[in-house]
Amino acid sequence: MTSKTFLFTSESVTEGHPDKVCDQISDAILDEFLSKDPSSRVAAETTATTGMVLVCGEITSNCYVDIPQVVRNTIKSIGYTGTTSGGFDADTCAVLTSIDEQSVDIAGGVNKALESRSDSALTSKSETSDIGAGDQGIMFGYACNETPELMPLPISLAHKLSYRLAQIRKEGLVNYLRPDGKSQVTVEYVDGKPSRIHTVLLSTQHAAEINGISDNSEVQSIISRDLKKLVIDYIFETEAIKPDKDTIILINPSGRFVVGGPQGDTGLTGRKIIVDTYGGYSRHGGGAFSGKDPTKVDRSAAYAARYVAKNIVAAGIADKCEIELAYAIGKAEPVSIFVDTFGTGRISDDEISSIISKNFDLRPAAIISNFDLRNLPAKNGGKFYQKLAAYGHVGRTDIIVPWEQLDKVETLKKSLNSTCALC
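First things first, this report covers the structure right here in the doc. (Residues numbered from 1 in each chain as written. Predicted model: local features only at pLDDT ≥ 70, side-chain atom pairs only at ≥ 80, totals over all residues. Heavy atoms only, no water.)

### Concerning the overall build of the chain
(1) Moving on: For the chain, the count of helices and strands is 13 helices and eleven strands.
(2) Moving on: On C-alpha atoms alone, the chain measures out to a radius of gyration of 22 Å, which is about the 22 Å that the 2.2 N^0.38 rule sets for 423 residues.
(3) Moving on: Principal axes of the C-alpha set define a box for the chain whose edges measure 70 × 65 × 30 Å.
(4) Moving on: Here the chain holds 423 residues, and 55% of them are scored as buried.
(5) Moving on: Across the chain, the fraction of contacts at a sequence separation of at least 24, relative to all contacts at a separation of at least 6, is 73%.
(6) Moving on: Surface summary for the chain: the accessible area is close to 17,600 Å², and the carbon and sulfur share equals 50%. (Helix = DSSP H or I, 4+ residues; strand = E, 2+ residues; numbered from the N terminus. Rg over C-alpha atoms; globule rule 2.2 N^0.38 Å. Buried < 20%, exposed > 50% of the residue type's maximum accessible area, 1.4 Å probe, protein only. Contact = heavy atoms within 4.5 Å. Areas by Shrake-Rupley, 256 points an atom, 1.4 Å probe, with all protein chains shown as cover.)

In structure tokens form, the structure reads like this:
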């Protein structure tokens, strides 16, 4: 039987990427409002370009937030400050705001679900009433057993490389890196399992000169040498699958990357939704996360779907699991739950769907309560969602996020055994 071989590629970006700058600003605003008023309704959208940031959206809250100061503090934490900022500086950029209150029509359906609630053993103890979904839409969650964090290998590696690229800049291990950067990893699969590293790509914004050297060919040679050692070799040293003699290594393949960040490319909130999730390995409902409070199921239900899928895989019910949830605005219960284990399930997908319905409460109020989504910023020093806005909202190991916990594994194993006993 012939083995099936294919290549799959995922990308990641650093926090200095213009779209990620906007994601972090939107989530920093959300953090600030929820820290002061956990009941705040926030939909903050950001765009950034040379010398300017615009924040617009709908916010309803009982507290005041100095949005321009939040914007500047966020940009400064990313690293766009002073003479090395290149046309985009935290202290001198213009900050414009255009904020309205949440529509009363939306608020009416969210504050109280339009349908009556059925009795359920899974009813959240801390929520006295259902809230409706903040919008219609579909959300996907995914997990697989390719990595310890149960994420696809290409996006896992891409995030690690981008994170390390930013780390060596911030720690001053080299003095010429600038905040904008990207990574990309191509993995070769054989019969659906990762086999080897086909290509590793790093692109980083940099100073025009390095230690007085201005010749670009020499500059790129220094960058290639340093990033190969400090980023690529460093990350793959602890990986089970490493680059081999045939792996293609590309560092700054454009030949020069001096102009970057919002000066080089206008940024916008919600334009890196595949980077935020599974690197394209799983389907995506299209809704972005950043800048949205937990009543927006684009965000909260996507986290819940990841939680369900991860626990299913960790329980040994399937090697791969994708969950689709669908909601109607103003309604609490999901319109539909779809399960796809791609032929890896120990039981049928329909049986897994039944197990999910019995063990997970996927109404917005329950998701918010079970993950404590409104209080996470205050519990984390005022910054939680901003940290998620770069290097992925799922599969995180550097920060503790409630939808990555595996507290349902034993319960699901018992359900699996019960189901198998009836087969």
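### Examining the packing of helix 8 (residues 297–314) against helix 10 (residues 364–371)
(1) Moving on: With their axes 10 Å apart at the nearest point, helix 8 and helix 10 run at an angle of 70 degrees to one another. On the basis of the axis angle, helix 8 is roughly perpendicular to helix 10. Pair helix 8 / helix 10 crosses with left-handed handedness. Judged by residue contacts, Val297, Ser300, Ala301, Tyr303, Ala304 and Tyr307 of helix 8 engage Pro364, Ile367 and Phe371 from helix 10.
(2) Moving on: Class assignment of the residues belonging to the contact of helix 8 with helix 10 gives a composition of eight nonpolar, one polar and no charged. (Axes fitted to C-alpha atoms, helices over the stretch in contact; angles between N-to-C directions. Parallel < 35°, antiparallel > 145°, perpendicular 65-115°, else oblique. Left-handed = near helix turned anticlockwise from the far one by under 90°. Nonpolar A, V, L, I, M, F, W, Y, C, P; charged D, E, K, R; others polar.)

### Comments concerning the pattern of salt bridges
(1) Moving on: The tally for this structure, following the rule as stated, stands at 26 salt bridges.
(2) Moving on: Taking the shortest distance from any N to any O, the salt bridge between Lys76 and Asp91 comes out at 3.3 Å. In this pair, Lys76 is assigned in helix 2 (residues 67–78) and Asp91 in the loop between helix 2 and strand 4 (94–100), connecting sequence segments 15 residues apart.
(3) Moving on: For Arg363, the salt bridge identified is with Glu333, shortest N-O distance 4.0 Å. Taken together, the residues Arg363 in the loop between helix 9 (349–359) and helix 10 and Glu333 in the loop between strand 10 (320–327) and strand 11 (336–340) connect sequence positions 30 residues apart.
(4) Moving on: Of the residues examined, Glu333 reaches a relative accessible area of 36% and is grouped as partly exposed.
(5) Moving on: It is possible to trace a salt-bridge network through shared partners that takes in Lys20, Asp23 and Asp276. (Salt bridge = Lys/Arg side-chain N within 4 Å of Asp/Glu carboxyl O.)

### Some words on the pairing of strand 3 (residues 52–60)
(1) Moving on: Residue alternation in strand 3 divides its side chains into a buried set, Val53, Val55, Gly57 and Ile59, and an unburied set, Met52, Leu54, Cys56, Glu58 and Thr60.
(2) Moving on: Here strand 2 (residues 41–49) pairs with strand 3 via nine bridges, running antiparallel. Opposite Ala43, over in strand 3, you have Glu58 as the bridge partner.
(3) Moving on: Bridging between strand 3 and strand 4 involves seven bridges; their strand directions are parallel. (Pairing = 2+ DSSP bridges.)

### Re helix 5 (residues 216–236)
(1) Moving on: The terminal C-alpha atoms of helix 5, which comprises 21 residues, lie 28 Å apart, in line with the 30 Å expected from a rise of 1.5 Å per residue.
(2) Moving on: Approximately 40 degrees is the largest bend angle found in helix 5, and it occurs at Lys228.
(3) Moving on: Along helix 5, the residues that are buried comprise Val219, Gln220, Ile222, Ile223, Asp226, Leu227, Leu230, Val231, Ile232, Ile235 and Phe236.
(4) Moving on: Among the structural elements, helix 4 (153–170), strand 6 (177–190), strand 7 (193–206) and strand 8 (243–251) are those in contact with the buried residues of helix 5. (Expected span 1.5 Å × (residues − 1). Bend = angle between axes of the 7 residues up to and from the residue.)

### Section: the sheet that holds strand 4
(1) Moving on: The four strands are arranged 4-3-2-9 in an open sheet whose pairing can be described as mixed. The open sheet has two free edges, formed respectively by strand 4 and strand 9 (267–268), since each of these has just one partner strand.
(2) Moving on: The pairing of strand 2 with strand 9 spans two bridges and is antiparallel. When the bridges of strand 9 are listed, Thr47 appears paired with Leu268.

### Focus: unusual backbone geometry
(1) Moving on: Of note in the backbone geometry, Asp191 takes a positive phi value of approximately 55 degrees without being a glycine.
(2) Moving on: As for its placement among the helices and strands, Asp191 is situated in the loop between strand 6 and strand 7.
(3) Moving on: Exposure remark for Asp191: the relative accessible area of 48% places this residue in the partly exposed category.

### Some details on the side chain of Asp361
(1) Moving on: Relative to the elements of secondary structure, Asp361 occurs in the loop between helix 9 and helix 10.
(2) Moving on: One polar contact links Asp361 to Arg363, side chain to side chain, over a distance of 2.5 Å. (Polar contact = N/O pair within 3.5 Å; in protein donor to acceptor, adjacent residues only side chain to side chain.)

### With respect to helix 10
(1) Moving on: Where burial is concerned, most of helix 10 is hidden: seven out of the eight residues are buried.
(2) Moving on: Taken together, the buried positions of helix 10 are occupied by Pro364, Ala365, Ala366, Ile367, Ile368, Ser369 and Phe371.
(3) Moving on: For helix 10, the elements touching its buried residues are helix 8, strand 10 and helix 11 (376–379).
(4) Moving on: Immediately downstream of helix 10, the backbone of Asp372 shows phi near 55 degrees, a positive value.

### So, the sheet that holds strand 11
(1) Moving on: Across the sheet, which stays open at both edges, the three strands sit in the order 5-10-11 with antiparallel pairing between neighbours. Every interior strand has two partners, whereas the edge strands, strand 5 (137–144) and strand 11, have only one. On average, each strand axis in the sheet is inclined to that of its neighbour by 15 degrees, with strand direction left out of account.
(2) Moving on: In this sheet, strand 11 lies alongside strand 10 in antiparallel orientation, the contact comprising five bridges. The partner of Ala326 across the bridge, within strand 11, is Ser336.
(3) Moving on: Strands in contact with helix 8 are strand 5 and strand 10; relative to strand 5, the strand with the most contacts, it is inclined by about 30 degrees.
(4) Moving on: Most of the contacts of helix 9 go to strand 11, to which it runs at about 135 degrees, and overall it touches strand 10 and strand 11.

Nothing here speaks to function; it is all geometry.
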